[in-house]
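Chain by chain, the residues run as shown.
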Amino acid sequence: MTDQEIIQGLITRNNRVTEEFFFVKCRPLFRSIIQKIFDYEVDYNEFVNELYVYLMEDDAAKLRGFGFRCTIYQWLKVLAIRFFIRKRGKLIEGSSHEHPYDKQTIVATEGTEFSATDDLQRLFAQMPNKRYVYVIKCLIIDDWEPEQLAREMNITMANLYNIKRRAMAQLTRVALKDIKEYGK
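Below you will find a few notes about this structure. (Residues numbered from 1 in each chain as written. Predicted model: local features only at pLDDT ≥ 70, side-chain atom pairs only at ≥ 80, totals over all residues. Heavy atoms only, no water.)

1. Looking at the overall build of the protein
Worth spelling out the cut-off: For helices the rule is a DSSP run of H or I covering at least 4 residues; for strands it is a run of E covering at least 2, with both sets numbered from the N terminus onward. Per-residue accessibility, obtained with a 1.4 Å probe over protein chains only, is compared with the maximum for each type, and a residue is labelled buried under 20%, exposed over 50%, and partly exposed between these values. In what follows, a contact means two residues having at least one pair of non-hydrogen atoms within 4.5 Å. All accessible areas in this document rest on Shrake-Rupley with a 1.4 Å probe, and a residue is counted as covered only by the protein chains that are shown.
Of the regular secondary structure elements, the protein holds nine helices and two strands. Burial statistics for the protein: of 184 residues in total, 41% are counted as buried. Looking at the protein alone, contacts between residues at least 24 apart form 63% of all its contacts between residues at least 6 apart. With an accessible surface of roughly 11200 Å², the protein has 51% of that area assigned to carbon and sulfur atoms.

Right, dumping it as structure tokens:
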């Protein structure tokens, strides 16, 4: 694929071009950027999603502004590094040992029985991406308005809904694994 075909495919939201470009062709580049910029674990899909949303803002103005004076990979490398250096202080660490939610005292109701809150806290502790925990807690438990959370996290509403969808999927996987382990 030529750079022109890639740019056009991304602008027209061609799924095949987008998938091939971001998840195959750019994977080594993006892995390198993640490793150099972040000193904590960053989910590759979330990295790509943040960058994609940024590229597609204002009717794909960034992509339309690509001048073909260098390769798309060189251009994207500079753009991504600059973008994520600005974002790095606003992303929640993926490998932090601190929980982005208030820890509450675990109180046993009867011997070994625990309340639903305790079960949820235990599942949250098992989730590898604490940013997902934060989003679930704010939107579902604390009943924040999505606009308020998006502003606080400095992300778009579309990105917030993508993060929420992935967060709920991760919580579901953790819960199903938990059922298998403790259901015996």
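2. A word on the packing of aromatic side chains
Heads up, the rule is: Between 30 and 60 degrees the pair is tilted, below 30 it is stacked and above 60 it is edge-to-face, where a pair is any two Phe, Tyr or Trp rings, Trp via its six-membered ring, whose centres lie within 6.5 Å.
Going through the model one piece at a time under the given rule, you end up with 14 aromatic pairs. Here Phe-83 and Phe-84 contribute two aromatic rings whose centre-to-centre distance is 4.8 Å and whose plane-to-plane angle is 75°, an arrangement assigned as edge-to-face. Here Tyr-134 and Trp-144 contribute two aromatic rings whose centre-to-centre distance is 6.5 Å and whose plane-to-plane angle is 80°, an arrangement assigned as edge-to-face. With Tyr-134 in helix α7 (residues 130–141) and Trp-144 in the loop between α7 and α8 (146–153), this residue pair connects regions lying 10 residues apart in the sequence. Residue classification places Tyr-134 among the buried residues on the basis of a relative accessible area of 12%.

3. A short note on the packing of helix α3 (residues 27–37) against helix α5 (residues 72–87)
Stated precisely, the cut-off is as follows: Simply put, an axis is a line fit to the C-alpha atoms, just over the touching stretch for a helix, and the angle between two N-to-C directions goes from 0 to 180 degrees. For this classification, under 35 degrees means roughly parallel, over 145 means roughly antiparallel, 65 to 115 means roughly perpendicular, and everything else is oblique. Should the near helix be turned anticlockwise from the far one by less than a right angle, the crossing is termed left-handed; should it be turned clockwise, right-handed.
It is the contact of α3 with α5, at a shortest axis distance of 11 Å, that shows an interaxial angle of 30°. Taken together, the axes of α3 and α5 are roughly parallel relative to one another. Between α3 and α5 lies a crossing of right-handed hand. Within the contact between the two elements, α3 uses Leu-29, Phe-30, Ile-33 and Ile-37 and α5 uses Tyr-73, Leu-76, Lys-77, Ala-80, Ile-81, Phe-84 and Ile-85.

4. Section: unusual backbone geometry
One non-glycine residue with positive phi stands out, namely Asp-58, at about 55°. One can find Asp-58 in helix α4 (residues 44–64). We note that Asn-154 has phi near 60°; this positive angle belongs to a residue other than glycine. Inspection of the secondary structure puts Asn-154 in the loop between α8 and α9 (157–182).

5. Structural notes on α7
Rules: Pairs of N or O atoms within 3.5 Å make up the polar contacts considered here, provided that, within protein, one atom can donate a hydrogen while the other can accept it, and that residues adjacent in sequence are counted only when both atoms are side-chain atoms.
Burial analysis of α7 places 10 of its 12 residues in the buried class, the great majority of the element. Of all the positions in α7, only Lys-130, Arg-131, Tyr-132, Val-133, Tyr-134, Val-135, Ile-136, Lys-137, Cys-138 and Leu-139 are classed as buried. The residue sitting at the N-terminus of α7 and contributing the capping side-chain oxygen is Asn-129; that oxygen lies 2.9 Å from the backbone nitrogen of Arg-131. One or two steps after α7, the chain reaches Asp-143, where phi turns positive at roughly 60°.

6. Things to note about the pattern of salt bridges
Where charged atoms from two side chains of opposite charge come close, those side chains can pair. Inclusion rule: Any carboxyl oxygen of Asp or Glu that lies within 4 Å of a side-chain nitrogen of Lys or Arg is treated as forming a salt bridge with it.
A full pass over the atoms with the stated rule returns five salt bridges. Here Glu-46 ties to Arg-131 by a salt bridge, and the two come within 2.1 Å at their closest N and O atoms. In this pair, Glu-46 is assigned in helix α4 and Arg-131 in helix α7, connecting sequence segments 85 residues apart. We note that Glu-46, like Arg-131, is buried. Ionic pairing is found between Lys-137 and Asp-142, a salt bridge with its closest N-O pair at 2.4 Å. Using a relative accessible area of 35% as the deciding quantity, one classes Asp-142 as partly exposed.

7. Here's the deal with the packing of α4 against α5
For the pair α4 and α5, the least separation of the axes is 11 Å and the interaxial angle reads 110°. Considered as vectors, α4 and α5 are oriented roughly perpendicular to each other. Viewed along their axes, α4 and α5 form a crossing whose handedness is right-handed. Here Phe-47, Glu-50, Leu-51, Tyr-54, Leu-55, Lys-62 and Leu-63 of α4 come into contact with α5, specifically with Trp-75, Leu-76, Leu-79, Ala-80, Phe-83, Phe-84, Arg-86 and Lys-87.

8. Focus on the nonpolar core
We apply this condition: Put simply, buried Ala, Val, Leu, Ile, Met, Phe, Trp, Tyr and Cys residues joined by side-chain atoms within 4.5 Å make one nonpolar core.
Ranked by size, the top nonpolar core spans 33 residues in total, and within it Phe-22, Phe-30, Phe-47, Leu-51, Leu-63 and Leu-76 carry the most contacts. Elements that contribute at least two residues to this core include exactly α1 (3–11), α2 (15–25), α3, α4 and α5. Ranked by residues supplied to this core, first place goes to α4 with 10 residues. For Phe-30, the contacting residues outside a window of four places in its chain are Phe-22, Tyr-44, Phe-47, Val-48, Leu-51 and Leu-76. Judged by nonpolar contacts, the second largest core, of 19 residues, contains Met-127, Leu-149, Ala-150 and Met-153.

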